[in-house]
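Each chain is listed here by its residues.
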Amino acid sequence: MDSILFLILRRLRRPLIFIIVSFGIAIIGLTLMPGTDDKGHPWHMSVFQALYVISYTATTIGFGEVPYPFSQAQRMWMTFSIYLTVFPWFYAIGKIITLLQDPSLRLAMSTERFARSVRQLQEPFYILCSYGESASVLAKALDEKGMRVVVIEPQQERLTELELSDTRSVIPYICADAKLPENLIRAGVHHPLCSGVVTLTDNDEVNLAVAVAVKLMNPDLPVLARAERDDIAANMASFGTDHIINPYTLFGDQLAIRVHAIGTYILHEWLTDIPGDTIPPPETPPRGQWVVCGYGRFGKSVIKNLEREHISATIVEAMPQLTGCEQYILGSGTEAKTLIEAGIESAVGIVAGTDNDINNLSIVMTAYELNPKLFVVIRKNKRHNDTLFKQFNADITMQPTDIIAHECLAHMISPMLAQFLALARNQSNSWSNQLISKLVGKVGELVPETWAVTIDQQGAPAVAAFLSKGHPVSLYNLTQDPTDREQQLDLVPLMLLRDNMPILVPDTFTTLAIGDRILFCGRPAAKATLPILLDHVKTLAYILDGVEVPDSIVWRWLKTKLQANCASHT
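Asks: When you look at the overall build of the protein chain in this model, what are you seeing that I'm missing?
Replies: Each helix and strand in the protein chain was counted, giving 24 helices and 20 strands. Computed over C-alpha atoms, the radius of gyration of the protein chain comes to 36 Å, more than 25% over the 25 Å expected from 2.2 N^0.38 for 570 residues, which places it beyond the range of a compact globule. Oriented by its inertia axes, the alpha-carbon framework of the protein chain measures out at about 115 × 100 × 40 Å. Within the structure as shown, the protein chain displays about 28800 Å² of accessible surface, and the carbon and sulfur contribution to it stands at 57%. Side chains of the protein chain give 47 positive and 58 negative charges; the mean places of these two sets differ by 6 Å.

Printed below as a string of structure tokens:
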């Protein structure tokens, strides 16, 4: 606010001086001009009277000879004063209009408005240090889950896209550089309700600068950062960045999981997607000889994970010296001759992994002509090419945007969800398939909600009250419907964390203890209903023994009397 006031005063300094000087001359001169009162006696205006007359005259509001008719001297001075004051006033108005259109002032005002809206937030929020392809998908997912976000984005056209997006809650945003510490401060890096900072730009240096700045200003604040280079990732880790995301490494891991554990892959995608969406059934990559076109960061990750699954691959690379490729077929892969030399006619799959979307489409089209039975993995670099890739309909389309958003959601929705998914990757494929079957039977095929509950006085006061008095409460009780204890809520406990020891898909008859943390998965209605059971002793008592506890003191007294009378008669 001080900068805005300073900017206004600096830009209006000259017109204000002109107005003050012209008003001063006109007022002093008017007080000196002789006049007569209503009785014909000599009379001079006071300073206040002169100010009043000059003000409504100079601003063109009106004119009147008050409090007495003017003398010829006063009228002559007023004529001079009109020309003396009106022109500076119009000059000032013109300057004010110009100032309102000044980019610096508009930026200062929008910056102050943004900082004020962030200060007024009354619920936890995340800071997104961009609104690119990955961040926009993430912002939409978080908004759908009822989580607030704040956006810092240097490109105005992306913010225009944000303004036009349909969101449940208003998203505060600022057109600024996230690398500057003052912008991070305005975005709420010191705000007590800030849950973390996410920087997902396609520039590793920018992400590093943001991660380092946040960790220096607020070391306890979680930071999720994108890093495609190993040296940048190591630098981030040295400053304590909590989660470093490399989309190419993630995709390579997911490709390997698809080969040997498709159920685990489906479980991961299902639990981290936007609630209400439907996950299409994924294709399982075949085993055999593969052809990989492009040996950049993406291609290296794919080759590494294919070799880990004991799948051999032939590399097609146009610039082997630049990528460090040793065994390769020289070429881009868009030519039939190169693909034939790589053995495409006998291959089971092809990976088009260059950084050019048109080349990738050309590669797979050429490969299809030579071998129509190929399993196709294609890399899509730009989201605006969605239409082209949908027309092609590859078996797997690698979109860094979606991969990054899913990984971020796994950590941001609930730390327990990220822990659960990490443990689930170590389970067998049959275990994942059984869990998916159980979840689908309980919550349906749409993407469910996931949330965590802590059994203590803050998270579950009713449960904690019963446990502290020695009354056992089981996990099954938390799945019963508060309106009808014979029915169950549409939710499934995925993990129980007790004394930092995780129990995956715990038995529902497990007795709870103070300090337990439970990760639930279920429908939105079940998520909204569960707090009724956790917070209200009366509701939990009904769940445990089927008896409804009277609310008021009078009803409790009557119930006691009735029970006493019944006991005496028996």
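Asks: Help me understand the packing of helix α2 (residues 13-32) against helix α4 (residues 72-100), please; the structure alone is not making it clear to me.
Replies: Packed helices, taken two at a time, are described by the angle between their axes plus the distance between the axes. Close contact between α2 and α4 brings their axes to 9 Å; oriented N to C, the two are set at 165°. With respect to their mutual orientation, α2 and α4 come out roughly antiparallel. Regarding α2 and α4, the two cross each other, and that crossing is left-handed. Contacts between α2 and α4 involve Arg-14, Pro-15, Phe-18, Ile-19, Ser-22, Phe-23, Ile-25, Ala-26, Gly-29 and Leu-30 from the first element and Gln-74, Trp-77, Met-78, Ser-81, Leu-84, Thr-85, Pro-88, Trp-89, Tyr-91, Ala-92 and Lys-95 from the second.

Asks: I keep staring at the sheet that holds strand β15 (residues 449-454) and nothing clicks. Help me out?
Replies: Backbone-to-backbone hydrogen bonds pair the strands of a sheet. The strands run either parallel or antiparallel. As summarised here, the arrangement of the four strands in space is β15-β20-β18-β19, forming an open sheet in which the pairing is antiparallel. Each having just a single partner strand, β15 and β19 (501-504) make up the two edges of the open sheet. The average angle at which neighbouring strand axes cross in this sheet is 20°, direction not considered. Both β15 and strand β20 (residues 517-522) contribute to a ladder of six bridges, which runs antiparallel. Across the sheet, residue Glu-449 finds its bridge partner in β20, namely Gly-522.

Asks: Help me understand the pattern of salt bridges in this model?
Replies: Side-chain pairs of opposite charge can arise where the charged atoms are in close proximity. Tallied over the full model, the rule gives 16 salt bridges. A salt bridge links Arg-229 to Asp-231; the nearest nitrogen and oxygen atoms lie 2.7 Å apart. Residue Arg-229 is classed as partly exposed on the basis of its relative accessible area of 35%. On the basis of relative accessible area, Asp-231 is assigned to the partly exposed category, the value being 45%. Between Glu-486 and Arg-485 there is a salt bridge whose closest N-O contact spans 3.9 Å. Classification of Glu-486 by relative accessible area gives exposed; the value is 60%.

Asks: Sorry if this is basic, but what is going on with helix α3 (residues 47-58) here?
Replies: Each turn of an α-helix holds 3.6 residues, which means side chains three or four residues apart point in the same direction. Under the 1.5 Å per step criterion, the end-to-end length of α3 is 16 Å for twelve residues, consistent within 8% with the ideal 16 Å. As for α3, its buried residues are in contact with α2 and α4. Thr-60 sits one or two residues past α3 and shows a positive phi near 60°.

Asks: What's the story with unusual backbone geometry in this structure? I'm lost.
Replies: Here the residue pair Val-66 and Pro-67 is connected by a cis peptide bond, since its omega of -5° sits within 30 degrees of zero. Considering the arrangement of structural elements, one finds Pro-67 in the loop between α3 and α4. If you check the backbone angles, Val-505 has positive phi at about 45° while not being a glycine. Locating Val-505 in the fold gives a position in the loop between β19 and β20.

Parameters at a glance
Residues numbered from 1 in each chain as written. Predicted model: local features only at pLDDT ≥ 70, side-chain atom pairs only at ≥ 80, totals over all residues. Heavy atoms only, no water. Helix = DSSP H or I, 4+ residues; strand = E, 2+ residues; numbered from the N terminus. Rg over C-alpha atoms; globule rule 2.2 N^0.38 Å. Areas by Shrake-Rupley, 256 points an atom, 1.4 Å probe, with all protein chains shown as cover. Lys, Arg positive; Asp, Glu negative; His and termini not counted. Charge placed at Lys NZ, Arg CZ, Asp CG, Glu CD. Axes fitted to C-alpha atoms, helices over the stretch in contact; angles between N-to-C directions. Parallel < 35°, antiparallel > 145°, perpendicular 65-115°, else oblique. Left-handed = near helix turned anticlockwise from the far one by under 90°. Contact = heavy atoms within 4.5 Å. Pairing = 2+ DSSP bridges. Salt bridge = Lys/Arg side-chain N within 4 Å of Asp/Glu carboxyl O. Buried < 20%, exposed > 50% of the residue type's maximum accessible area, 1.4 Å probe, protein only. Expected span 1.5 Å × (residues − 1).

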